[in-house]
Amino acid sequence: MAIKILITGGTFDKEYNEINGELFFKKTHIKEMLELGRCKLNIKQQVIMLKDSLHMNTKDRQQILSACKSSKEKQIVITHGTDTMPETAKFLGKNLASLKNKTIILTGAMIPYKFGSSDGLFNLGSALSFAQSMPANIYIAINGKIFNWDNVKKNKKAGRFETLERK
């Protein structure tokens, strides 16, 4: 059984330009992260885009959905920027019937992997574990927690993901 990692960019893959102080994308760091974590799983990777999630639009989310649909793997991890991760999870969740019983886990990082103090390695490992153990659905896995696609928000003030307050 293989797990597919769909790479969309986000903080996982950002690099720091020491001259102008800007963050940018050069390449994905997922292979390096899997090696550092000594991952022994059968992983298939596909780079869909390297994009800041604040710049994602419906066309980008449609591309992610298409990649999920065409994946022969039933367990999928999507690396994604945290700023709009709940929006992409909702987009996928609204198309759940077309995803044929797949377990899809979105994950990301608050600090770029290249900074050395990133939460990305832990989040990637957690997402891979959740992909193997959760039933078919769409989830967000971050900071050791798992959230259903329709019951999650990013609390930008606190810098964490939380369940929605139901009224």
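These remarks concern the structure in this document.

Rules behind the numbers
- Residues numbered from 1 in each chain as written.
- Predicted model: local features only at pLDDT ≥ 70, side-chain atom pairs only at ≥ 80, totals over all residues.
- Heavy atoms only, no water.
- Helix = DSSP H or I, 4+ residues; strand = E, 2+ residues; numbered from the N terminus.
- Rg over C-alpha atoms; globule rule 2.2 N^0.38 Å.
- Buried < 20%, exposed > 50% of the residue type's maximum accessible area, 1.4 Å probe, protein only.
- Contact = heavy atoms within 4.5 Å.
- Areas by Shrake-Rupley, 256 points an atom, 1.4 Å probe, with all protein chains shown as cover.
- Lys, Arg positive; Asp, Glu negative; His and termini not counted.
- Charge placed at Lys NZ, Arg CZ, Asp CG, Glu CD.
- Axes fitted to C-alpha atoms, helices over the stretch in contact; angles between N-to-C directions.
- Parallel < 35°, antiparallel > 145°, perpendicular 65-115°, else oblique.
- Left-handed = near helix turned anticlockwise from the far one by under 90°.
- Nonpolar A, V, L, I, M, F, W, Y, C, P; charged D, E, K, R; others polar.
- Polar contact = N/O pair within 3.5 Å; in protein donor to acceptor, adjacent residues only side chain to side chain.
- Expected span 1.5 Å × (residues − 1).
- Arc of directions from axis to C-beta.
- Pairing = 2+ DSSP bridges.
- Core = buried A, V, L, I, M, F, W, Y, C linked by side-chain atoms within 4.5 Å.

## Topic: the overall build of the protein
Then, in step 1: Across its full length, the protein holds 4 helices and 10 strands.
Then, in step 2: Radius of gyration (C-alpha) of the protein: 15 Å, near the 15 Å computed for a compact globule of 167 residues.
Then, in step 3: Its C-alpha atoms give the protein principal-axis dimensions of about 50 × 40 × 30 Å.
Then, in step 4: When each of the 167 residues of the protein is scored for burial, the buried share is 50%.
Then, in step 5: Of all intrachain contacts in the protein linking residues separated by at least 6 positions in sequence, the fraction that spans at least 24 positions is 65%.
Then, in step 6: For the protein, the computed accessible surface area is about 8700 Å², with 49% contributed by carbon and sulfur atoms.
Then, in step 7: Across the protein, 27 positive and 15 negative side-chain charges occur, with their mean positions spaced 7 Å apart.

## What about the packing of helix 2 (residues 58-70) against helix 3 (residues 85-93)?
Then, in step 1: It is at 10 Å that the axes of helix 2 and helix 3 come closest, and there the two elements cross at 55 degrees. In terms of axis orientation, helix 2 runs oblique to helix 3. As for how helix 2 packs across helix 3, the hand of that crossing is right-handed. Taking contact as the criterion, the partners of Thr58, Arg61, Gln62, Ile64 and Leu65 in helix 2 are, on helix 3, Glu87, Thr88, Phe91 and Leu92.
Then, in step 2: Considered class by class, the residues forming the contact of helix 2 with helix 3 number 4 nonpolar, 3 polar and 2 charged.

## Quick word on the side chain of Thr84
Then, in step 1: Position of Thr84 relative to the elements: it lies in the loop between strand 5 (75-79) and helix 3.
Then, in step 2: In this structure the side chain of Thr84 is engaged in a polar contact, spanning 3.2 Å, whose partner is the side chain of Arg61.

## Here's the deal with helix 2
Then, in step 1: With 13 residues, helix 2 extends 18 Å between its outermost C-alpha atoms, agreeing within 8% with the 18 Å of an ideal straight helix rising 1.5 Å per residue.
Then, in step 2: By the burial criterion, the buried members of helix 2 are Asp60, Arg61, Ile64, Leu65, Ala67 and Cys68. Looking down the long axis of helix 2, one finds its buried residues gathered within 160 degrees of arc, a one-sided arrangement. Of the residues in helix 2, the exposed ones pointing more than 90 degrees away from the buried face are Thr58, Lys59 and Ser70.
Then, in step 3: Contact partners of the buried residues in helix 2: strand 1 (2-9), strand 4 (42-51), strand 5, helix 3 and strand 6 (103-107).

## So, the sheet that holds strand 7 (residues 137-142)
Then, in step 1: Within the open sheet, the 6 strands sit side by side as 4-1-5-6-7-8. Their pairing is mixed. Either end of the sheet is taken by a strand with one partner, and the two such strands are strand 4 and strand 8 (145-148). The mean angle between the axes of side-by-side strands here comes to 25 degrees, regardless of whether they run parallel or antiparallel.
Then, in step 2: Both strand 7 and strand 8 contribute to a ladder of 4 bridges, which runs antiparallel. Bridging from a neighbouring strand, Ile142 pairs with Lys145 of strand 8.
Then, in step 3: Against the sheet, helix 2 engages strand 1, strand 4, strand 5 and strand 6, with an angle of about 165 degrees to strand 4.

## Some details on the side chain of Lys4
Then, in step 1: Within the element layout of this structure, Lys4 appears in strand 1.
Then, in step 2: Using a relative accessible area of 12% as the deciding quantity, one classes Lys4 as buried.
Then, in step 3: In contact with Lys4, other than residues within four places in its own chain, are Lys44, Gln46, Ser71, Glu73, Gln75, Ile76 and Val77.

## Concerning the nonpolar core
Then, in step 1: Counting 24 residues, the largest nonpolar core has Ile78, Ile104, Leu106 and Ile140 as its most contacted members.
Then, in step 2: Where this core is concerned, the elements lending two or more residues are strand 4, helix 2, strand 5, helix 3, strand 6 and strand 7.
Then, in step 3: The residues contacting Ile140, other than those within four sequence positions of it, are Met85, Pro86, Ala89, Leu106, Lys145, Ile146, Phe147, Val152 and Phe161.
Then, in step 4: By size, the runner-up hydrophobic cluster in this structure holds 18 residues, among which are Ile3, Ala109, Phe130 and Ala131.

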